[in-house]
Each structure stands twice: as structure tokens, then as C-alpha cells.
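# Summary of the model geometry
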Amino acid sequence: MATIGYIGEQLKEPEAPPVPSRLHDWLVTVDHKRLGIMYIATALFFFAVAGVLAALMRIQLAFPNGTFLPPQVFNRLFTMHGTTMVFLVGMPFFAGLANYLVPLMIGARDMAFPRLNAFGYWMFLFGGILLYFSYIAGEGLAGHGTAPDVGWFAYAPLTERAFSRGTSTDYWILSIIVSGIGSTSSAINVIATIVSMRCKGMTLALMPLFVWLMLVVSAMVVMVLPPLTAAQIMLLLDRYLGAHFFDTQAGGSAVLWQHFFWLFGHPEVYVLMLPGFACASEIIPVFSRKPIFGRAAMIGATIAIGILAVGVWAHHMFAVGMAPVSNIFFAAATMLVGVPTGIKIFNWVGTMYGGKLRFDTPMLFCVAFLFQFLIAGLTGVMMAAAPLDWQLTDSYFVVAHFHYVLLGGLLFTLFGAVYYWFPKATGRMLNETLGKWHFWLLVIGFHITFDTLHFAGILGMPRRIYTYAAGRGWEGLNLVASIGVIFQAAGVACLIWNIIHSVRKGALAGDDPWDAWTLEWATTSPPPEYNFVVLPEVRSSRPLWDLKHPEDPDWKYE
Amino acid sequence: MTPDIAVAQGEWTLPDRGKVGVACLIATEFALFTIFLVAYVFYLGKSLSGPNPGQVLELPLWPTFCLLSSSLTVGIAERALKRSRRRGFIVWTGVTILLGLEFLRQTALEWRHLISDWHLTITTNLFGTTFYSLVGLHASHVVLGLTLLTFTFALGLRGSMDGQGRRFELLAWYWHFVDAVWVAVFTIVYVVGR
Amino acid sequence: MNLSRQVACLWCLSIAAASAEPVHPVGNIFDPQATPAESVYHLSILVISVCAAIFFVVAGLLTFTIVRFRRKTDDHDEPAQVYGSSRIEIAWTVIPILIVLVLTMATARVVSAIQGRRAEANALQVTVIGHQWWWEIRYGDLGIITANELHVPVSSAAKPAPTFLRLESADVAHSFWVPQLSGKTDLIPNHPNNMWIDPRQEGTFLGNCAEYCGMQHANMLLRVIVQSPAEFGKWVAAQKLNAALDSRADEGRETFLALSCISCHTVSGTSAAGTFGPDLSHMMSRETLGSGAIPNTPANLRAWVRDPQAIKPGNLMPNMQLNALELDEVVAYLSSLK
């Protein structure tokens, strides 16, 4: 394995400082690596919480006429599950990965604005705490202690004062505004870092794909979070100052909320997914032992996705009664955005083709991602055909579709990323055997649950119902779907145990355990606080390949 | 394995990160204002009752003049600071603040007139809702800008702004943005929408 | 025959007829029974075939790649470093765009066909108004107001009899979804929508509200009862009559009219003219109570009137705190409203 020597190698392990002092260091840190770890650890925590919420729902739905949960509890559960997964798991994973890896990959010492970085993390955390505080302090229709129960997209006028009394909806609004400020801060920081702090020789064209994807994601966050913030401010004005933005009794428009929300909401799902693409674009080449196939096309496709994604939002509104020409336009646009997405899948396969594939855990997750994201994209194409969407929207088919995207697609790549970069962040490898258990349990459980739920939607089961009668054809499907949860939970438990165990006792990783090619592997594991002793200078998109293969460097071909 | 890396001096220049950061902030605020403008335009003519724009709005020429002039004066202050002319910086920053305050005062007077004479509030009808939220959002950004300008004015008095031309330029960018938003609001609300 | 016995006969006949007709509880979108659902079904065959083909090609290639290019155990050489191929990139950009074009055109045709149809001159037009958590159904031309069950005549290619629905909402957003008849269309306050169905099979089709509308969204069920023209005519005639004045329920009627039931409910021909809750004039002609929450049986009716919150918690009919006598009388009265 190639390691790059560095100056000032420590000769002996110094005594660890006392715990309160160490905790204080984490509390006040502005180091991008620590903040990145904090983001990801917090995201994993919220993931476990939201997973428990989902498990509770699946217990309620396993049998018809379920009485495990009363309706108001169930309605809060799906609201909190969706809101948590999107804003408190997906977004911080983006922020954590970007903050940890971007400076390392571009050969910088930290982010452009380290204090803004810390500010962003704490805003995110406080936003999350605020959301869950509603369980204690929120008031709702059924009395005190109610979390919001309006669904994660909170359609008007259900969210207006008249139909959502008390403060539970306000917790939804305010917590997202607060954590949204954190997300925007991260995004601005990532853009400034990428534009202004690349090491010498790293033109935009030579940046790793991971960095390109984070740049596009951040640009999207900057532009599409405001429609949500604006809509939420308007909703607050309605609820507290008697405004009429979405007050249909005063001539306001409920559909306007949907337009504003989905103007944010659709690009948001790309914001969530693109970091997953970023991880896949780094892992797949390394474990195929080949450069990414079609780098320029991948960059072009990413930019195309970023732009097109802002033009498809109303495919969430096909059933709202828009004019035929609008429905046709958004159907066409939605299918069109599938083209660059498909190009990416083809290029990943093209990377693997002709390679020498190593199926360590990170690669296993990425291969499963490819199969699953392919299916997810295709069910998306089905629903892009507006009339088909008239049947499938708001049913368990779309629930299955977006879980395929976000669990089968995003989470699988994020888990792959955890196995891939954990050694860099901690200096120790995660256990491969446990990793494979995690992988296979998750694959099995994921498919048992979500393959099945497609059929529930096809048989007419709408979403967000806390129970259903027997005889609709849904009982068997729901029972099977609920059983899948057991496997998924077991898989995630393997991961958590693996992390806890390997942080102290994992095998030592060294600088570059995977024989990879980007700059983060050119320093120690974990990197020193200053990242690199000497800031690097690069000539190609795979600087370590050039160093390890001086007879056949990339810059001769790029 | 010898590292073939070195930090070279000179020709590798990248954009200033402060400028990139503030540009992104302005982009995000631009998106925010766009949505409120869209809501305003969407609801034009849809109020079920109550006063409409044509009846109650008067062209705010004087406040607009003040605000747009303040863009000029903040630019002069910026140049003065970059040329190390402390007195010029302080004077022109002060003028900018005064112009901004006059704009806010005029807005307040207009609102008082609308509320007490026309009984137009945010709850009256859709026009009231969209008008006060849009103009209010803009005014809140003016307040924020004035606060930051006052900070720099105070720092300038102490001499702490010497050499901070780059940073003040970023604040000036923000101020120019706030003015540009006003141009849009003025056009859509007071010219086209009336 | 006096009026009440006429009504009773009609009621018996319609119940007998209804119980002979099949119930279609499973809303399989691939088993369409009306033109809109069928157009969607045909489009779905095309779309799913295309998607399946894409899946088999790409997944097949991926599977082949995984198997063929697995690293051999002791092979540590790097493979040929291929950077890409412009020709391949162009190919797999152009072909998907062509597929998108084809699918868009097919989509456009179906969208226009379904959304473009306007009500013919003497077509049946019904207004459906969504409430939290029940459906108000008004046959404007026929002067009928009912709830939760939409009766329509059966249609056929030979004798088309489409029903055109105007969808409105009294409170929050709802959605009308009976999968075998049509895709869903939302009921949004201040935003009326239109849809149409022409069911080709008699029977009862079950549907759900398909837009989360609050606590009892799960129990806002829908029934579309498709009848032969004759049966439909009989049903219309029965519904048009004022509510039955069964002398055996006189005391019950007095009690009912004296209680605050009338502030929410209408019973035609009486002083009960509330519009907040469902019209009860012919409530015994309906198969369920609480918009599909429970079947309409004597025991269930009693349980509902005693405490609706126990059956459908959170619904907007409060527990009226009736004492035993009031309960008996009110239930007896309601039972007479056939």
C-alpha cells in the first residue's frame, strides 16, 4: 500500500485528556472533520428514532382493524417519521459527508467558514430537538403532548388554525425553519469552499465527482429551500396574524401551498439522493479498479439533474385538477429528468464492466443500490405518466416507490459510505463479517417489505390510513410487509454494534486501506487537525493513481 | 514513495470566499423574495372584499428615491474606505443610514395611513395579506441592513474599519440587493399591480 | 296502500336487489370496470412493458458484469483503465430521449381523452362535497341529497350512461378514489374539480378518501353502487320522497326534533334542516354508518347514536349524552327513515 510520509510523526501516544475536557472540545469545535462526524452520528441517531416510529406503524398495520395504536398516535407517527427522515437524517447526512470529505478531497485545511459550519450543526440539532419537544409540550386536537399530525408535507388548509388547533403544527413549522437555516448555512459553506479553496492544479474539471455532486446539491439547497421557508412563514402568518394565504374561506388557495411546497419538495428528493450518488461515484471505481466511466458525462448529467429537477414539481399534483396541458408538461419533464439519472446508472455499470470487482461491504451496498435505484427510477417513470399516477399517487405504490429511492437507493449508498470512510475518520476498519450480516439482513428485509407494498397500492390501498377493513385484499400484503421490518432492524443493529465495537477494537486501517485515488487517502487515518502537512498539488482527477502509477498517469489521458 | 507535491506560489488564484458566500446568501434571499412576489401577483384581483391596490396605494416616489440613493452613498463609502479615507467612510455610511431610516419612516407612515384611514390590515383581505407580508419582509431586510451598517459606522468611529474594505464591500452587496428587491416590489406592487 | 307501506315495499325490494348484487371490495387498478380506469390500464400496459424491458436490459447487464468481472483471488494487477466512450454516451442518451418522446405522446393522448370529456346535454351530474370524514352527495337535477353512497346507472357501449361528478370540499383537501372506475381526483376547497365514470358492471365498488384529511381519514370510505336503469330509477324515486312518517316512530320523531340533532342533520319534510352532518332522510337505505366505519345494522345504529366517538374517535359528531329513553326513541325514529 502506498503511504505518503509526513513530517513530525508522533513517537508515543500522549495521555488522553480528561473526559469533560474532551467533551468540551467537541462542543466548541469548528474543525470540519469533527463537525462532519457529529452530523453523521446525529443523523444515525435520528435514523434509529424514525425507524422505531416506522416499526410501530407497521405493527399497527400488520392486521386489519388494528387496535395497537389509536388514530391520533398513528397520524403523528407518520408525520414525525417522514419529517425526521427527510430533515433530520437525509439533510444532515449530506452536510456531514460534505463537511468531512470536501476539504480533504480538494486539498484544503478546513471549510471556507469554520464557525458557520459549527453554527449550521447546532441549528440542525436544535431544530431536531424542537420537533421532538412537541411530544412533551405541543398541544393538538387531542390535548397536550401531541407531536404534529399533518403529514410531512402538511397540506393546507388542514394546517390552518381551524383544522389544526393548538401548537403541534407550529412545532413542525418552526423546527424545519430552524434546521433549514442550518442546511442553508452548510450549503453556502460547501459552495464557497469548493469555489475558493481548491488546491493548486485542481481545476473544476479535475475535482472528484463527489465534490461536483456536493457542489450541485448545495446550489440546489440554496435555491429550493426558500420556497419552503416562504410557505412556512406564510402559514405562520395565517395561523397567528390572521393572514389568508391558504385560507380558502377568504379566497385563498390550498393549491398554492402545494405548488410552493413541491417547488421545494421535489428538488429536495434530489438533494437527498445526490449525496448518495456522490458516494457511489467514489466507491464503485475504487472497487472496480477502474476510473469512472464517462466522467464528463457524469458531471453533465449531474448539472442537468440539478436544473431539470426544479421543473417537475407538479408531478406530485397530478390529481389536483390542473389543466391537461400542465399535466402533460410535467409528465414530459418528469420523464426527461429520468434521462440524466439513467445515464448515471449506465456509467456506473460501465465503470464496473471490464474491471476487477472486489465485493467488500462498501461495494456490496453500492451494487444493491444499482439494482434498487434502477427499479425506483422505473416506478418513477410509471408514475410520470400522469393518468397512471391518477391511480398510483397517494397509495402504497408511491410509498413503496419513494422508500425504494430513499432506503433502497440513498441509505444503501450511505451505509456503503460509512464502511468506506469509517477507517479514514477513526483509523480503524469496521468488521467485514458484521458488515455482510448488516448488508444481507437489510437487503432481505427491505425487499420483503417494499416489494410487497407496491401491490398493496395496486390493489387500492391509500396511504396515511391508520387501519383498514378486512376483505380489501390488503391483509396478507401488510402482514408480510411488517415481517420485513424485523430483518431491517436486525441489519441496522449489526451496524450500530459494529460501529460501537470497531471504534475501539477495529483493525488498524492505515492511510489508504482500500488502495484508492483521491486526496483524503493521502493523509493519515484519522487526519491531523490541519489535514495535510503540505498542501497538495494535482494534475489529474486521481492524484494518488498518478503517484502510484507514474508510468501510466491519468493526466496523460484526461 | 516521495511525494510529488509542493505548494507553489503565484498563479493559482480562486475567487474570494467571502464574495462567494455572500453571493450565495443573496441568491437564497432572492429565491425567498421571488416566492412572496409570486404570491402577490397570484392573488391580484382575487380578494373577496375590501380595499384594492388601486384605491389605496400611492406611488412611493420619495422613499424609493431615498433607498436608491442610499445605494449610491454606500458605494461612495465603500470606495472611501478602500482608499483609507476614514472621514469620508464615516460620513457617507452615516448618510446611507439616514436615507435608510427615512425609507423606513415613510413605510411606517404609509402603513399607518393604510391601517387607520383605509382599515387595511393583514387580515382584511388577500391584498392586505400579500401586501403587508411582502413589504414587511423587505422592510425587515432593510432593518437588518441598517443594523449592520450602524455596527460598521460605530466601528468606523473607533478606527476599527481601517483596512476592512473587502468586508464592507460584502455588506454593500447586501445593501444593493435590498435595493434591487425594492425596485421589483415598487414595479410589481405600485406600478403594474395598481 | 298508505304511503308508509309503499315506502316499506320499495325499501324491501331495493335491499333484496342490493344483496343480490356483488360487492367489489378489492380495488384492483388492473381490473377496470369503467372507461377512465380502462384507458389508464391500457396506458399502464405500454408503460410497464417499456419499463420492464429497460429493467431486464440494465439489470441483465449488471448481473453479467458482476459475475464476469469478479476479481480472481490472487490477481492484483489493475485492469485496463478505460475513461469512457463518446459514442456509447450519445447512444444511451438518445435512446432514452426517444423512449421519453413515445411515452409522452401516449400519456398526452390519455390525459386529453379523460380530462377533455365534457358532460353531454342530459347526462347525469352529481356534486360530491368532501367533509371531514364523510361524503355529501347531491343530485342537483334530481333534487336528491344523500351521503357516502353514490348510486349511478350502469353504462354500456350500446347504451352509454356516464355520470359526471363535480368535486368540492367544505373543509380540507380530500380525494375521490374508486380504483376500478377511475383514477383519483382531489376535492379541494375553493377549487372545484370534475371527473366522470361510466361503470360497466352492476354492483358495489368500494373506494377510499385518498388525501390525508385528519384524524379519521382512514374511515372516510366510499361506495359507488352501480344499478340497472330500472333499479336506479326506483332508488331515485324513493330518495326524492320526503322522509318517512312512520306512526310507530312518532315519539321518536318528537324527541329527535327536540334535541340538537337538528342543528347538524337534515330530515326532509321536518324541521330538521342542519347541513353540518349527513342528510338522514333515507339513512336506512344506506349500507353503512359513519361513511363505511360500520355496517348499518340495528345494533350498530344504537351503538353509534349512543357514542359515535367510541366507534370513530375524533369524528365531528359528539357524544350527545342521551339517556336510555331518548336513545331508544331516537334509534326507533332513525330506523324508520328508509
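This report concerns the structure included in the present document. (Residues numbered from 1 in each chain as written. Chains lettered and ligands numbered in written order. Predicted model: local features only at pLDDT ≥ 70, side-chain atom pairs only at ≥ 80, totals over all residues. Heavy atoms only, no water.)

Residues and elements named next belong to chain C. Ordered in space as β4-β3-β2-β6-β9, the five strands form an open sheet in which the pairing is mixed. Looking at which strands have only one partner, the edges of the open sheet turn out to be β4 (144-147) and β9 (193-197). When the angles between neighbouring strand axes are averaged without regard to direction, this sheet yields 25°. Where strand β2 (residues 124-131) lies against strand β6 (residues 163-169), seven bridges are found, and the strand directions are parallel. Its bridge partner being in β6, I129 is matched across the sheet by E168. (Pairing = 2+ DSSP bridges. Helix = DSSP H or I, 4+ residues; strand = E, 2+ residues; numbered from the N terminus. Axes fitted to C-alpha atoms, helices over the stretch in contact; angles between N-to-C directions.)

A few words on the packing of helix α9 (residues 324-352) of chain A against helix α3 (residues 86-115) of chain C. α3(C) packs onto α9(A) with a crossing angle of 155° between their chain directions and a minimal axis gap of 9 Å. Relative to α3(C), the element α9(A) lies roughly antiparallel. Our pair here, α9(A) against α3(C), has a crossing hand that is right-handed. Looking at side-chain class alone, the contact of α9(A) with α3(C) contains 16 nonpolar, seven polar and one charged residues. (Parallel < 35°, antiparallel > 145°, perpendicular 65-115°, else oblique. Left-handed = near helix turned anticlockwise from the far one by under 90°. Nonpolar A, V, L, I, M, F, W, Y, C, P; charged D, E, K, R; others polar.)

Residue and element names in this part refer to chain A. Taking 1.5 Å of rise per residue, the 33 residues of helix α6 (residues 209-241) would be expected to cover 48 Å, and the 47 Å separating its terminal C-alpha atoms lies within 8% of that figure. Along its length, α6 shows its largest kink, about 30°, at V222, and proline P226 lies within four residues downstream of that point. Among the 33 residues in α6, 27 count as buried, and that is most of the element. Positive backbone phi, approximately 70°, marks G242, located one or two places after α6. (Expected span 1.5 Å × (residues − 1). Bend = angle between axes of the 7 residues up to and from the residue. Buried < 20%, exposed > 50% of the residue type's maximum accessible area, 1.4 Å probe, protein only.)

The next point concerns unusual backbone geometry. Residues and elements named next belong to chain A. Cis geometry marks the peptide bond from A156 to P157, where omega comes out at -5°. Among the structural elements, P157 can be located in the loop between β2 (143-144) and α5 (168-196). With an omega dihedral of -5°, the bond running from S525 to P526 counts as a cis peptide bond. Tracing the chain through its elements places P526 in the loop between α14 (475-505) and α15 (543-548).

Residues and elements named next belong to chain C. Within strand β11 (residues 221-227), seven of the seven residues are buried, which leaves the element mostly enclosed by the surrounding structure. Neither face of β11 is open: one carries L221, R223, I225 and Q227, the other L222, V224 and V226, and all of them are buried. Pairing of strand β5 (residues 149-153) with β11 involves five bridges; the strand directions are parallel. Of the residues in β11, the one forming a bridge with E149 is R223. Bridge count for strand β10 (residues 203-209) against β11 is six bridges, and the pairing is antiparallel. Considered in β11, the bridge of F205 is made with V224.

Here we take up the interface of chain C and chain A. Accessible area lost during the coming together of the parts is what is often quoted as the interface size. Each partner contributes to the interface: chain C provides 85 residues, whereas chain A provides 95 residues. Summed over the shared surface of chain C and chain A, the result is two salt bridges. Residue A:R289 pairs with C:E78 through a salt bridge whose shortest N-O separation is 2.7 Å. Connecting chain C to chain A are 31 residue pairs in polar contact (both at pLDDT 80 or more). By residue number, the principal contributor to the side of chain C that touches chain A is helix α2 (residues 35-68) of chain C, which donates 17 residues. (Contact = heavy atoms within 4.5 Å. Salt bridge = Lys/Arg side-chain N within 4 Å of Asp/Glu carboxyl O. Polar contact = N/O pair within 3.5 Å; in protein donor to acceptor, adjacent residues only side chain to side chain.)

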